[in-house]
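# Examination of the molecular architecture
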Amino acid sequence: MAFGIINMGLNRDDLLSMTTDEFAVAQKAFSDKVNEEAKEKWHRLRTLASILIQPHVKKRITPQQLIPLPGDKKRNRVGTKKPERSTLAKFEKLVTVTNG
């Protein structure tokens with residue numbers, strides 16, 4: 001009850017009139033909002049950090065390079081080597097090399 005009133009800002013009457021399913025939906029929406037706000041704060045922090053560090057490094061550094069976050073998409077840059085495709089022959093060769 002305290003979580004709904006203190007953290008979510010629900011009043012007592014509204015909280016008590018909710019079913020458990022309604023409360024679960026409200027709590028999920030609240031949790032999503034808190035997570036999105038935290039993500040935005042991290043994006044602002046790393047952008048500011050990259051701006052502040054730029055004069056002190058030789059190469060340009062992006063916010064994603066400075067502070068990678070779990071939600072960042074990995075981009076394949078032009079000129080970077082893609083990993084080789086695995087084949088059964090390569091696997092068998094590795095197994096024989098490691099097992100002797």
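What you see is a predicted model; the values in this text were computed from it and never measured. (Residues numbered from 1 in each chain as written. Predicted model: local features only at pLDDT ≥ 70, side-chain atom pairs only at ≥ 80, totals over all residues. Heavy atoms only, no water.)

The secondary structure content of the protein amounts to 5 helices and 0 strands. Going residue by residue from the N terminus, the α and β elements of the protein occur as α-α-α-α-α. Looking at the 100 residues of the protein, the share that counts as buried comes to 10%. Counting contacts in the protein only where the partners sit at least 6 residues apart, residues at least 24 apart contribute 15% of the total. (Helix = DSSP H or I, 4+ residues; strand = E, 2+ residues; numbered from the N terminus. Buried < 20%, exposed > 50% of the residue type's maximum accessible area, 1.4 Å probe, protein only. Contact = heavy atoms within 4.5 Å.)

Let's shift gears to a nonpolar patch on the surface. Taken together, Met1, Ile5, Ile6 and Leu16 make up a surface patch of nonpolar side chains, about 420 Å² in accessible area. Note that Leu16 resides in helix 2 (residues 12–17). (Patch = residues over 30% accessible without salt bridge, like charges linked within 9 Å, V, L, I, M, F, W, Y side chains within 5 Å. Areas by Shrake-Rupley, 256 points an atom, 1.4 Å probe, with all protein chains shown as cover. Salt bridge = Lys/Arg side-chain N within 4 Å of Asp/Glu carboxyl O.)

Under the criterion given, the structure shown has 3 salt bridges. Asp32 is the salt-bridge partner of Lys28, the closest N and O atoms lying 3.0 Å from each other. Placement of both Lys28 and Asp32 in helix 3 (residues 20–53) is noted, with a separation of 4 residues, approximately one turn of the helix. A relative accessible area of 38% means that Asp32 is categorised as partly exposed. Note that Glu36 and Lys39 form a salt bridge whose closest N and O atoms lie 3.8 Å from each other.

Turning to the packing of aromatic side chains, a few remarks are in order. Per the counting criterion, the structure on display carries 1 aromatic pair. With a centroid separation of 5.8 Å and 85° between ring planes, the pair formed by Phe3 and Phe30 is classed as edge-to-face. Taken together, the positions of Phe3 in helix 1 (residues 2–7) and Phe30 in helix 3 put the pair 27 residues apart, joining distant regions of the chain. (Phe/Tyr/Trp six-rings, centres within 6.5 Å; stacked < 30°, edge-to-face > 60°.)

So, on to helix 3. A rise of 1.5 Å per residue sets the reference length of helix 3, with its 34 residues, at 50 Å; its end C-alpha atoms lie 49 Å apart and thus fit the reference within 8%. All of the buried residues along helix 3 are Ala26, Arg46 and Ser50. For helix 3, the elements touching its buried residues are helix 4 (63–66). (Expected span 1.5 Å × (residues − 1).)

With that settled, consider the confidence of the model for the protein. For residues with low pLDDT, the predicted coordinates do not support detailed interpretation. In this model, the protein carries an average pLDDT of 83, and 86% of its residues clear a pLDDT of 70 or more. Model confidence for the protein, summarised as mean pLDDT per element, is weakest for helix 5 (residues 88–99) at 74 and strongest for helix 3 at 92. (pLDDT = per-residue confidence, 0-100.)

Examined against the element boundaries, Arg46 turns out to sit in helix 3. Those residues within four positions of Arg46 in sequence are excluded, and the remaining contacts are Pro63, Gln64, Leu66, Ile67, Pro68, Leu69 and Asp72.

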